[in-house]
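Below are the chains, spelled out letter by letter.
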Amino acid sequence: MKALVYVLALCASLANALTSVFQRLGVEDAPADATLRLSLLSYAVRRRVWLLGFTLMIVSFVMQAVALHFGRLSEVQPILTTELVFLAAILSIWFGFRLGRREWFGSLAVTAGLAGFLYFAHPEYGMIPPPLWRWAIAGAACAAAIAGTIALALRGPRWWRAAMFGTSAAISYAFTAACTKVVSDYAADDWTQLYRHWQTYALAFFGALAVFLTQNAMHAGPIVASQSTLVLVDPLASILIGVGLFGDNLQTSGAHGPLEALSLLVAFAGAFVLAHSPLISGLRAGGEYSESLSAKARSRSATVPHTS
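Residues numbered from 1 in each chain as written. Predicted model: local features only at pLDDT ≥ 70, side-chain atom pairs only at ≥ 80, totals over all residues. Heavy atoms only, no water.

### Digging into the pattern of salt bridges
In this structure the tally under the stated criterion is two salt bridges. The residue Glu75 makes a salt bridge to Lys2 at a minimum N-O spacing of 3.5 Å. Taken as a pair, Glu75 in helix H4 (residues 73-79) and Lys2 in helix H1 (residues 2-27) lie far apart in primary sequence, 73 residues in all. Given a relative accessible area of 1%, Glu75 falls into the buried group. For Lys2, a relative accessible area of 29% gives the class partly exposed. Between Glu75 and Arg72 there is a salt bridge, and its shortest N-O distance comes to 3.2 Å. Residues joined by salt bridges that share partners form a network here, namely Lys2, Arg72 and Glu75. (Salt bridge = Lys/Arg side-chain N within 4 Å of Asp/Glu carboxyl O. Helix = DSSP H or I, 4+ residues; strand = E, 2+ residues; numbered from the N terminus. Buried < 20%, exposed > 50% of the residue type's maximum accessible area, 1.4 Å probe, protein only.)

This is the structure we're talking about:
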């Protein structure tokens, strides 16, 4: 069962990476004045490649929900950081971008760090479902952290504002994942009764809030600032929620504790390096690499033989 959880989480990460590519292709030629307007969405939904990315985003959510149903929050969410590794691989293998030392180091560090953390921590099941008082504490802590980082994002330089909005979005994603885990269990028992559980509505609210805050993070400042906090804070917050809310048991006796902390540090360092890679940040920010993405895609399509 653990292997199934890992495979589903990795597939969700791959789907997320493909979503980033397809949705970027979908809005590549959108009018410049469509930024942060509904006209951008109306333009995107008329592009098949964007709709393909949107479909993959839904597929990713379903696979993540199934992984959370069978696995622990503290092991599924950290695996999702491999999205950056898959994204670098897709840009290299499919579109022909050259990977430099930064991309190779980041990818190897993320992979090795996550493998080390999962091996040394060996998360065990906690309580399902958690009691209401644990939900109250976790929800209040996340809400306070989200509100605090939003307040901090209202002032300061652009990189600071982007980082703070990214942090608030990451915490929202982490709490959304916690709700998703419980809702997936309810759905497995009787999906027609989901409306009876408050976690269903919390999932919708915090999910929408996470998307909204992510857009603000992208708009507030440099993409590397928002992307770094999104990539790093989400798994860390998820581990804390997994331990505090669900009672996930991480092995910390003897050398396990320092080794899993070191493994997480290596994984986070790799994710940080990848998030600052011109290849990754350029794609998501619409920079030089993003501008040539459509050209490479059209060139690749032109070389594919058509059969009658």
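There's plenty left to go through after this.
### A look at the nonpolar core
Counting residues in each nonpolar core, the largest one holds 75 residues, and the members touching the most others are Val21 and Leu91. Ranked by the residues each element gives to this core, the list is headed by helix H8 (residues 158-190), at 15 residues. (Core = buried A, V, L, I, M, F, W, Y, C linked by side-chain atoms within 4.5 Å.)

### As for the side chain of Ser60
With respect to the helices and strands, the residue Ser60 is situated in helix H3 (residues 48-70). For Ser60, a relative accessible area of 3% gives the class buried. Ignoring sequence-local partners within four residues, the contact set of Ser60 consists of Ala12, Ala15 and Asn16. (Contact = heavy atoms within 4.5 Å.)

### Section: the packing of helix H7 (residues 132-153) against helix H9 (residues 198-220)
Where H7 contacts H9, the two axes come as close as 14 Å, and the packing angle between them is 15 degrees. As summarised for this structure, H7 and H9 are arranged roughly parallel, according to the angle between their axes. For the element pair H7 and H9, the recorded crossing hand is left-handed. Counted together, Leu132, Trp135, Ile146 and Ile150 of H7 and Trp198, Gln199, Phe206, Leu209 and Leu213 of H9 form the full contact between these two elements. When the residues that make up the contact of H7 with H9 are grouped by side-chain class, the tally is eight nonpolar, one polar and no charged. (Axes fitted to C-alpha atoms, helices over the stretch in contact; angles between N-to-C directions. Parallel < 35°, antiparallel > 145°, perpendicular 65-115°, else oblique. Left-handed = near helix turned anticlockwise from the far one by under 90°. Nonpolar A, V, L, I, M, F, W, Y, C, P; charged D, E, K, R; others polar.)

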